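Each chain, letter by letter, is given below.
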Amino acid sequence: MRRFEYDQRLTELLSVVTELLRKGYVKWPPEAGEGPIEEALRTLGCRIPRREGLFTLEELGFYEEIKPSPMRTFNDTEELLYKNWPTPLVKLKSLSKGETRVWAKLEFYNPFSMSVKDRIGWAMFNECLSGNHNPSLVLYEATSTNTGMALAAMAAIRGLKVKLFLPSTIQKASDVLLTIMGAEVYRKPKTLTVEFIDEVEEEARRTGGVHLNQFENDANFKVHLRYTAKELDLQVKSVQLKLKGIVGGLGTSGHMSAISLYFKSRYGEHVKVYGVQPAQGTFIPGIRRIETGVKWFHYVKFDKVVDVTPEEAVEHVLKIARSEGILIGLSSGAVTAAFERLKEEGELEEGDYVLMYPDHGFKYIEQFSKFIEENLNPMTPNV
Ligand code: PLP
């Protein structure tokens with residue numbers, strides 16, 4: 001694995017971020033040797049103090065960015081993304097029993113890719129291209145669909161061109177969706193490995209394009225720390241949950257690593273964090289095995305990583321569709337399967353659990369059709 005090597009600067013930043021989240025305040029000005037405090041405050045969406053003193057994060061605007069438009073009116077489609085957060089947190093009655101309640105965070109309420117990836121498409125785009133007004137700039141990205149859709153949307157809004165590289169393992173519907181959204185789509189006859197990402201990097205370099213690179217770009221991890229994790233925390237507080245654990249899939253590891261850093265810094269070991277990966281030798285769109293090269297996972301703590309098969313993922317998509325009436329994506333099915341396994345294994349104490357549902361099921365018609373042909377009479381009401 002060439003990439004994702006140890007980054008001392010990121011380690012220093014995350015250690016200051018952890019300390020700020022743990023204490024909940026900052027003493028200003030910082031003392032020499034305290035590390036990159038200004039950068040850490042900016043990373044958390046806080047203002048830099050203008051005078052000496054002790055300031056809580058709240059006094060520095062920590063929660064102010066999470067302010068949805070109350071009447072749901074938006075000046076443009078970009079606002080429809082970031083002024084519509086938080087995405088919903090909904091109790092799943094079918095999985096909740098007694099004192100154990102299960103909540104799903106529905107990331108398909110994001111408007112462009114109908115997935116968690118809108119957040120990083122927006123963040124990487126704005127962070128990397130804010131000062132660059134070259135209209136002939138071409139963006140490059142390796143994607144398993146969702147980041148591609150988010151970037152295609154951002155490129156459409158700003159009038160730029162985007163070239164997307166999909167692995168062979170992804171459903172054909174993705175080429176159609178991405179092409180309709182205005183992207184140039186290329187298939188590579190391989191899975192999404194570090195070598196794949198390197199080839200896209202090389203192609204961008206050769207042609208003078210920009211490779212945003214969700215796998216290494218810290219804007220990915222940071223946007224989840226500043227928004228996804230923080231808004232989940234606010235939601236959990238607003239309904240006074242006894243949060244015991246959060247379960248979510250690992251792709252780049254961006255959203256779950258940020259959630260882990262945030263919740264473990266604020267609440268210590270009271271909140272367990274579980275990652276989900278495809279079982280050895282299998283493939284579930286959007287999530288990958290850790291050994292294929294994930295970055296931020298290695299900077300934070302996970303209590304356990306659960307292996308799930310594609311069959312279990314589809315079975316749990318059906319289970320949720322037929323009990324809750326929502327059609328979730330395959331990685332959300334995998335997250336549900338992982339939660340049920342943890343419960344069966346006696347791993348979970350009573351309390352509230354959050355399942356991160358990254359996307360909707362509409363992209364996975366091919367996988368669902370195959371499952372129906374092989375396993376189901378389509379008229380059967382229950383699995
Ligand atoms: N699920 C789906 C459907 C995804 O598209 C992705 C990422 O591509 C993930 C899960 C994993 O998210 P992350 O990249 O933040 O680990």
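All values reported here derive from a predicted model rather than from experimental measurement.

1. A closer look at the layout of surface pockets
Step number 1: Taken as a whole, the largest pocket holds about 570 Å³ of empty space.
Step number 2: G251, I284, G286, I287 and R288 are, among the 39 residues lining the largest pocket, the residues nearest its centre.
Step number 3: Only helix 5 (146–158) and helix 9 (254–267) provide two or more residues apiece to the lining of the largest pocket.
Step number 4: Partitioned by chemical class, the residues of the lining of the largest pocket number 13 nonpolar, 21 polar and 5 charged.

2. Comments concerning helix 9
Step number 1: Between the first and last C-alpha of helix 9 there are 20 Å, a value that for 14 residues agrees with the 20 Å anticipated at 1.5 Å per step.
Step number 2: For helix 9, the tally of buried residues reaches 12 of 14 residues, placing the bulk of the element in the interior.
Step number 3: Buried within helix 9 we find G254, H255, M256, S257, A258, I259, S260, L261, Y262, F263, K264 and S265.
Step number 4: Against the buried residues of helix 9 lie helix 1 (8–23), helix 8 (218–238), strand 9 (243–249), strand 10 (272–278) and strand 12 (351–357).
Step number 5: Positioned one or two residues after helix 9, G268 has a phi angle of 60°, which is positive.

3. What to know about the pattern of salt bridges
Step number 1: Within the structure shown, the criterion is met by 40 salt bridges.
Step number 2: With its nearest N and O atoms 3.6 Å apart, the salt bridge here joins R42 to E38. One end of the pair, R42, and the other, E38, are both in helix 2 (residues 37–43), 4 residues apart, so they sit about a helical turn from each other.
Step number 3: A salt bridge links K264 to E269; the shortest N-O distance between them is 3.6 Å.
Step number 4: The class for K264 is buried, based on a relative accessible area of 13%.

4. A closer look at the packing of aromatic side chains
Step number 1: Throughout the structure, instances matching the rule amount to 14 aromatic pairs.
Step number 2: Pairing Y140 with F165 gives two aromatic rings, centres 6.0 Å apart and planes at 15°, and the pair type is stacked. With Y140 in strand 5 (residues 138–142) and F165 in strand 6 (residues 161–167), this residue pair connects regions lying 25 residues apart in the sequence. The pair Y140 / F165 is uniform in exposure class, with both members buried.
Step number 3: Against the face of F196 rests K188, its NZ or CZ located 5.9 Å from the ring centre.

5. A few points about the sheet that holds strand 4 (residues 100–106)
Step number 1: Pairing within the open sheet is mixed, and its 6 strands lie in the order 3-4-12-9-10-11. Since the sheet does not close on itself, it has two edges, and those belong to strand 3 (89–91) and strand 11 (304–308), each with one partner. For this sheet, the mean angle separating the axes of adjacent strands, direction not counted, is 25°.
Step number 2: With 5 bridges joining them, strand 10 and strand 11 adopt parallel strand pairing. Bridge assignment links G275 to a residue of strand 11, and that residue is V305.
Step number 3: In this fold helix 10 (residues 310–324) packs onto strand 3, strand 11 and strand 12, with an angle of close to 90° to the strand it touches most, strand 11.

6. Considering the pairing of strand 10
Step number 1: Within strand 10, 6 of the 7 residues are buried, leaving the element largely enclosed by the surrounding structure.
Step number 2: Sheet analysis places strand 9 next to strand 10, joined by 5 bridges and oriented parallel. Paired with G248 across the two strands is G275, which belongs to strand 10.
Step number 3: Taking the sense of rotation as the criterion, the β-α-β connection linking strand 9, helix 9 and strand 10 turns out right-handed.

7. Considering the site of the ligand
Step number 1: Surrounding the ligand, one finds 15 residues, the nearest of these being K117, G251, T252, H255 and S331.
Step number 2: Within the side chain of T252, a nitrogen or oxygen atom sits 2.7 Å from an oxygen atom of the ligand.
Step number 3: Considering the ligand on its own, with 390 Å² of exposed area, one finds that the protein chains cover 97% of that surface.
Step number 4: Most atoms of the ligand, that is more than half of them, are within 2 Å of grid points of the largest pocket.

8. Overview of the domain arrangement of the protein chain
Step number 1: The domain architecture assigned to the protein chain consists of domain 1 (8–60), domain 2 (84–114 + 219–375) and domain 3 (117–211).
Step number 2: Centre-to-centre separation of domain 2 and domain 3, based on C-alpha positions: 24 Å.
Step number 3: Contacts between the two partners involve 29 residues from domain 2 and, on the opposite side, 26 residues from domain 3.
Step number 4: Of the roughly 2200 Å² buried between domain 2 and domain 3 on both sides combined, carbon and sulfur atoms contribute 60%.
Step number 5: Between R119 and E107 there is a salt bridge whose closest N-O contact spans 2.7 Å.
Step number 6: The interface formed by domain 2 and domain 3 contains 11 residue pairs in polar contact (both at pLDDT 80 or more).
Step number 7: Put simply, the parts of the chain that give the side of domain 2 that touches domain 3 at least two residues each are helix 8 and helix 12 (365–375).

9. Digging into the environment of E312
Step number 1: Summarising the element assignment, E312 is placed in helix 10.
Step number 2: Under the relative-accessibility criterion, E312 is labelled partly exposed at 23%.
Step number 3: Taking the C-alpha atoms as reference, E312 lies 9.0 Å from A338; in sequence the two are 26 residues apart.
Step number 4: Apart from residues no more than four positions distant in its own chain, E312 is found in contact with D307, G333, A337 and R341.
Step number 5: Polar contacts involving the side chain of E312 include one to the main-chain amide nitrogen of T309, which spans 2.8 Å.

What counts and how
Residues numbered from 1 in each chain as written. Predicted model: local features only at pLDDT ≥ 70, side-chain atom pairs only at ≥ 80, totals over all residues. Heavy atoms only, no water. 1 Å grid on protein atoms, 1.4 Å probe; cavity = no way out; pocket = protein on both sides within 12 Å on 5 of 7 lines; lining within 4 Å. Points joined across faces, edges and corners; volume = space filled by probe spheres on them. Helix = DSSP H or I, 4+ residues; strand = E, 2+ residues; numbered from the N terminus. Nonpolar A, V, L, I, M, F, W, Y, C, P; charged D, E, K, R; others polar. Expected span 1.5 Å × (residues − 1). Buried < 20%, exposed > 50% of the residue type's maximum accessible area, 1.4 Å probe, protein only. Contact = heavy atoms within 4.5 Å. Salt bridge = Lys/Arg side-chain N within 4 Å of Asp/Glu carboxyl O. Phe/Tyr/Trp six-rings, centres within 6.5 Å; stacked < 30°, edge-to-face > 60°. Lys NZ or Arg CZ within 6 Å of the ring centre and 35° of its normal. Pairing = 2+ DSSP bridges. Axes fitted to C-alpha atoms, helices over the stretch in contact; angles between N-to-C directions. Right-handed = clockwise from strand over helix to strand, strands pointing away. Near = heavy atom within 4 Å. Polar contact = N/O pair within 3.5 Å; in protein donor to acceptor, adjacent residues only side chain to side chain. Areas by Shrake-Rupley, 256 points an atom, 1.4 Å probe, with all protein chains shown as cover. Sits in = over half its atoms within 2 Å of the grid points. Domains from an automatic or database assignment. Buried area = accessible area lost by both parts, 1.4 Å probe.

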